[in-house]
Amino acid sequence: MDCIFCKIINKEIPSYKIYEDDTVYAFLDLNQEHCGHTLIVPKEHFQDIDDIPNDKLMYIFDIARKLKKELTEKLNCEGIALTQNNGFIQEVKHFHLHLLPYYKNNVQMTIEEVYDKLK
Ligand code: AMP
Ligand code: ZN
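Since we're looking at a predicted model, the values are computed, not measured.

Brief notes about the sheet that holds strand 1 (residues 17-20)
In any sheet, the strands associate via hydrogen bonds between backbone groups, in a parallel or an antiparallel arrangement.
Moving on, step 1. Pairing within the open sheet is antiparallel, and its five strands lie in the order 1-2-3-5-4. Here the strands that pair on one side only, and so sit at the sheet edges, are strand 1 and strand 4 (79-83). For this sheet, the mean inter-axis angle between neighbouring strands, taken without regard to orientation, is 20 degrees.
Moving on, step 2. Set on the sheet, helix 3 (residues 111-118) makes contact with strand 1 and strand 2 (24-28); between it and strand 2 the angle comes to about 130 degrees.

Here it is in structure tokens:
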């Protein structure tokens, strides 16, 4: 299957990994419009919200709660949105949850600077 997120999980292409366990993989989104924009993906390929089993979905939200705390502490963001796209607005057809940090003041960092703070 030609899935870019499966390739990231299998380390066939590089990523800014910030968390990994047997079930999930989390990495920085290449488009850092929000500094610290992170994606959490199940290691198993599921397409979208209709495809992923409940236990995996709950586990992803459990990890999202942990990473929200970590992003807040390390990047000093003041709000975090969790979003998940389906259908034609979903660009990559491997289920993923976005963590989108928000800052009251304008914060600009390169992806390397963000990654350095999270490592
Ligand atoms: P979505 O529209 O929810 O499918 O979002 C897909 C996201 O994946 C976008 O925010 C892209 O910037 C991001 N993305 C695509 N390719 C990569 C990649 N190789 N590494 C990190 N993020 C990626
Ligand atoms: Zn995949």
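Quick notes on the environment of Leu-82
Moving on, step 1. By the element assignment, Leu-82 lies in strand 4.
Moving on, step 2. Separated by 23 residues in sequence, Leu-82 and Asn-105 have C-alpha atoms that sit 20 Å apart.
Moving on, step 3. When neighbours within four sequence positions are excluded, Leu-82 is seen to be in contact with Phe-61, Ala-64, Leu-97, His-98 and Leu-99.

Calculation rules
- Residues numbered from 1 in each chain as written.
- Chains lettered and ligands numbered in written order.
- Predicted model: local features only at pLDDT ≥ 70, side-chain atom pairs only at ≥ 80, totals over all residues.
- Heavy atoms only, no water.
- Pairing = 2+ DSSP bridges.
- Helix = DSSP H or I, 4+ residues; strand = E, 2+ residues; numbered from the N terminus.
- Axes fitted to C-alpha atoms, helices over the stretch in contact; angles between N-to-C directions.
- Contact = heavy atoms within 4.5 Å.

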